[in-house]
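Structural description and commentary
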Amino acid sequence: MQAKTQQTNVSQTLSSPRILSLIDRFMRYVQLDTQSDPHSHTHPSTAKQKILGALLAQELTQMGAAEVWADEYGYVYASIPATVQTAVPVLAFCSHLDTAPDCSGTHVQPILHHPYDGADLVLPDDPQQVIRMVDHPALKRHMGQPVITASGQTLLGADDKAGVAIIMEFAQHLLTHPTIPHGLIKLVFTPDEEIGQGTDKLDFARLGANFAYTLDGGSWGSFEDETFSADGMTIEIQGIMAHPGAAKGIMVNALKIGARILQSLPPAGWSPETTADREGFVHPHRIEGNAETVRLEFLLRSFHTPDLAVYAQRLRELTESVLLQYPGASARYMVHEQYRNMKEVLDQFPFIRTNAQKAYARAGVPFVQEPIRGGTDGSRLSFLGLPCANIFTGMQAIHGKQEWVGVADMSSAVDVLLELVQVWADK
Ligand SMILES: [Zn+2]
């Protein structure tokens, strides 16, 4: 497929073979539609994800990777044999094949802007879509460098094809430079991360890794080993029903109780719209029911897991104090675990972070450790027995039409991975 380019003399002005190769890979991968589907009941959720998987398997075979395997569930596995004889933990590098269901991923037309000169990037298929440096300060780093955007009608898919391209480039480099000392390296590309099913059918035995890094982070230098801990809580209010014409002194309306409970939440703090950084919150995200029964659904989030029980108890007390004004009404409380802060696992293996820190330094990349106000495949992998942190890819403004990526950031991530495998192999 032919991609649009803003400049025709790209290969003359871009002299680095690494940069050219990353551009070529990335532009090819994003043009394959791999959107996942949250309403599907199949694995993978969409068969088209396997098309990219098959391409990667073919490219991995061609570059000489071992044990290349694309399975029926859409996962692609490969190995790069060790170049040292000493015992080194087996590392896996992981990125996801699918793109987010939030925005169209059909007929993605990547545009290479090179050299990026700081001017507004007006996306031609929808001139309303303008990527401005003032809104995207991370663009500053890419003055004079190649930047890739979509054309205005779709997302770009840098989440996570930037990660895919980085891992593929890294694999190619290791396989053509066997003098680089490293242990056994495993690669895995997963489907359906965006719909929370990226680890559902992962074959941990086939992967056979001790520790992992996902390539699914954002800004240059970011390193993520901490996520929210998350519970869901449902409060079910039971009122008392009566015929409205003869309800005096009998009816207790559950809808009104539900409204009072929501109103009793503090107006400042303790909500997504009033918190940031390391603050937790409760978030009523769904209400359903009728005058007799109402269900209120809450998301409970904190970086400190014991807070979740405190939050649940506080919601319970708020509810009970409202119920005091409605004799005869009652409430049931249900809490279910959603995911846990991966730091609880990763703190037991501090070298996952310290080795990354060394690799970032050797690659000349700042080490910016940030907690994620959400969850990732990495948290699931960590609790399933494969401790896993997340490395940057350069993807920006993800899941929308203004998504973009700077190729220099992708190249920098390849440098980090090449240093990282050597740090792990150091005695
Ligand atoms: Zn992602």
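Located above this text is the structure these notes cover.
Residue positions are given per chain, counted from 1 along the sequence in the order it is written. Side-chain atom pairs in this predicted model are given and counted only at pLDDT of 80 or more, local residue features only at pLDDT of at least 70, and totals for whole chains, interfaces and linings cover all residues. To obtain the side-chain values, all non-hydrogen atoms of the structure were included, while hydrogens and water were left out.

Focus: the overall build of the chain
Put simply, the rule reads: Numbering goes from the N terminus for both helices and strands, where a helix is a DSSP run of H or I of at least four residues and a strand is a run of E of at least two. Only heavy atoms enter the contact rule, under which two residues are in contact if any of them lie within 4.5 Å. Per-residue accessibility takes into account occlusion by the displayed protein chains alone, with areas from the Shrake-Rupley method and a 1.4 Å probe. The convention is simple: Lys and Arg are positive, Asp and Glu are negative, and His and the chain ends are not counted. All charge positions are set by atom: Lys at NZ, Arg at CZ, Asp at CG, Glu at CD.
Counting secondary structure elements, the chain contains 11 helices and 19 strands. Taken over the C-alpha atoms alone, the chain extends approximately 85 × 55 × 40 Å along its principal axes. Across the chain, every contact between residues at least 6 apart in sequence was considered, and the portion connecting residues at least 24 apart equals 79%. As displayed, the chain has an accessible area near 18,200 Å², and 52% of this comes from carbon and sulfur atoms. Considering the chain, the positive charge centre built from 32 side chains and the negative charge centre built from 47 side chains are found 3 Å apart.

Observations regarding the sheet that holds strand S12 (residues 229-238)
Definition in use: In this scheme, strands are said to pair when DSSP sees at least two bridges between them. Every axis in this analysis is a line fitted to C-alpha atoms, fitted for helices over the stretch in contact. Angles between the N-to-C directions lie between 0 and 180 degrees.
Taking strand neighbours across the sheet as the criterion, the four strands line up as S13-S14-S12-S15 in an open arrangement whose pairing is antiparallel. Strands with a single pairing partner mark the edges of an open sheet, and in this sheet they are strand S13 (281-289) and strand S15 (330-339). Direction aside, the axes of adjacent strands within the sheet are offset by 20 degrees on average. In the sheet, S13 pairs with strand S14 (residues 293-302) via eight bridges, with the strands oriented antiparallel. Among the inter-strand pairings, Gly 289 is bridged to a residue of S14, identified as Val 294.

A closer look at the nonpolar core
A general tendency of soluble globular proteins is for nonpolar side chains to be buried together. So the rule is basically this: Residues belong to one nonpolar core when they are buried, are Ala, Val, Leu, Ile, Met, Phe, Trp, Tyr or Cys, and are joined through side-chain atoms within 4.5 Å. Each residue's exposure class comes from its accessible area (1.4 Å probe, protein chains only) as a fraction of the maximum for that residue type: buried when under 20%, exposed when over 50%, partly exposed otherwise.
Of all hydrophobic cores here, the largest spans 70 residues; its most connected members are Phe 26, Leu 60, Phe 93, Phe 170, Leu 187 and Tyr 213. In terms of residue count, the dominant contributor to this core is helix H11 (residues 407-425) (12 residues). Counting residues in each nonpolar core, the second largest holds 25 residues, with Ile 235, Leu 265, Leu 308 and Leu 318 among its members.

Regarding the sheet that holds strand S11 (residues 222-224)
Reading across the sheet, the eight strands line up as S2-S3-S9-S4-S10-S17-S11-S16 and stay open at both edges, with mixed pairing between neighbours. The open sheet terminates on both sides in strands that have one partner only, identified here as strand S2 (66-70) and strand S16 (368-369). Contacts from helix H9 (residues 351-362) reach strand S10 (211-217), S11, S16 and strand S17 (388-392) within the one sheet, and its direction differs from that of S10 by about 55 degrees.

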